[in-house]
Amino acid sequence: MKRGWFYLLMFALVSWIALARLYPALVPGIAETLRFYPEAGGSLVLKSTLLTLYHSLVGFLVAFFLVGVSILLALYSAEFKAFLSSLNVFIQSVSVLVWTIIFIMIFGVTSSIAPILVTAMASFPAMLSAGISSSEKLLERYRPLIALLKPSRLQLYVHFIVPGTLPEMVSAGRVALGIALRISVVAEAFGSAGGLGYQLVYSYDLGVKAGVFAWALLLVVLMIALDQLILGRLEEWVRRWYW
Amino acid sequence: MGETLVLVRGIEKSFNGEKILEGISLEVKRGEVIGLVGPNGTGKSTLVKILAGVERPESGEASVKGSFSVVYQEDYLLPWKKLKDNLCLWAKFRGKECDPLGVAKKLGIEGFLNKYPKEVSGGTRRKASIARALLVDFDVLILDEPFTGLDQPSKESLLSIIRELANSGKAVLVVSHQLEELFSVASRVYVLSGRPSKVRKVLRGEGLGKGAL
């Protein structure tokens, strides 16, 4: 695993250096890109990073909460479950660009609500699919035990479905948070609420190539760090609950 | 003998178009321990699931009078709960007090109550699933292969628990391959065989012994 990251880093560095030499007018060098951070100011870099993290995490949590409520309601009503299935297909069929424009029209370009909702819309389907399929498998697997214990629907949800679907939900959440981070910068790029996406497009508009690369690099590092340091470990931890 | 608590009449069940059970009938009365034996694939566990309401028969009648508890062939312990919490699930769902220590001591698993199922051996998991069934309030106890994976002292503890239950007026149905244990505790043993599976013999009294099959 660690060797894989080493090879990737070497590949990225060599490619970057080669491209910067071949196309100096288009691709800034590594040193020039790294110099951008102190020039832009530590507080701007930190604020933009935190803002993107905020948009992504809150959007992800909104989706996670909605999935949890949806699975609970699906336990009570087969009609709602059928509706959810159609809703999921509908949400997946609407482009992120469409969500972005609609939410910016509704909430305004400076509002953080638009990138948060776009992120939620993008991560909701992956988690809902995982949550529904995992809870169906779980209920089938433990049907004999459920017949013996006869829990109420709420007890079934709290003691079986929530902990039992957690391993698959965390795996899906890992993918969804990756989607959330990637999508939030797109939504930020369209609005003026700030964040890495906004700064990236702003640098592009001003023709600051080092800025474009610096913000993009920051985004990639942020995503990898989040995945490897938090989500990967969380996934490993909940795997012991897998049935 | 007391009233009939488990009544099975003419049960038929098929899977994927193949008939597994045909015309199965048996009964278990209050205070009785009844055995059910048969080779693999004769639908014994299916019959247990029909009695527990997990599977539905195509025809026939399967009824359990009063409350029942089941030890399934699979342990079905929840990996996200410690053994003590697995044991007390039934009581927890009804807001009742639960002290798993007594039953755990009888089965020799008191030292594992704070462990998760994946942290203990298969034998301990088996005993935990038996203990969980014993912590349910029941008139009828159905045990599917309860002796599998148990060491000799644990088998003897379980046999003694089964006898105590019968003496206290519970009805017990034991499905097992382990004939020696079954013959030592059951007053009547139904023998299933064939495809589809039927009750071929009912062994009673002196018929319960080595060479009976």
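A few points on the structure. Since the structure is predicted, the reported quantities are computational estimates derived from the model, not experimental observations.

Calculation notes
Residues numbered from 1 in each chain as written. Chains lettered and ligands numbered in written order. Predicted model: local features only at pLDDT ≥ 70, side-chain atom pairs only at ≥ 80, totals over all residues. Heavy atoms only, no water. Phe/Tyr/Trp six-rings, centres within 6.5 Å; stacked < 30°, edge-to-face > 60°. Helix = DSSP H or I, 4+ residues; strand = E, 2+ residues; numbered from the N terminus. Buried < 20%, exposed > 50% of the residue type's maximum accessible area, 1.4 Å probe, protein only. Lys NZ or Arg CZ within 6 Å of the ring centre and 35° of its normal. Salt bridge = Lys/Arg side-chain N within 4 Å of Asp/Glu carboxyl O.

## Some remarks on the packing of aromatic side chains
A complete count under the given rule lists 15 aromatic pairs over all chains for this structure. Centroid distance A:F80 to A:F83: 5.7 Å. Interplanar angle 45°. Geometry classified as tilted. Of this pair, A:F80 and A:F83 are both found in helix α4 (residues 78-93), 3 residues apart, which corresponds to roughly one turn of the helix. Residue classification places A:F80 among the partly exposed positions, given a relative accessible area of 22%. Arranged with centres 6.2 Å apart and planes meeting at 65°, the rings of A:Y142 and B:Y76 form a pair that is edge-to-face. Here B:Y76 lies in the loop between β5 (68-71) and α2 (83-87) and A:Y142 lies in the loop between α6 (113-141) and α7 (143-149), a pairing that spans two chains. Each member of the pair, A:Y142 together with B:Y76, is buried. The residue whose ring lies beneath A:R240 is B:Y116, and the NZ or CZ to ring-centre distance is 5.6 Å. Positioned above the aromatic ring of B:F138, the side-chain terminus of B:K170 is 5.4 Å from the ring centre.

## Looking at the pattern of salt bridges
A side chain of one charge can pair with a side chain of the opposite charge if their charged atoms are brought near each other. For the structure on display, the rule yields 19 salt bridges over all chains. Across the pair A:R239 and A:E236 runs a salt bridge, and its minimum N-O distance is 3.6 Å. On the accessibility criterion, A:R239 (44% relative accessible area) is partly exposed. The shortest N-O distance in the salt bridge between B:K198 and B:E22 comes to 3.1 Å. Of this pair, B:K198 sits in strand β9 (residues 198-204) while B:E22 sits in strand β2 (residues 18-29), placing them 176 residues apart in sequence.

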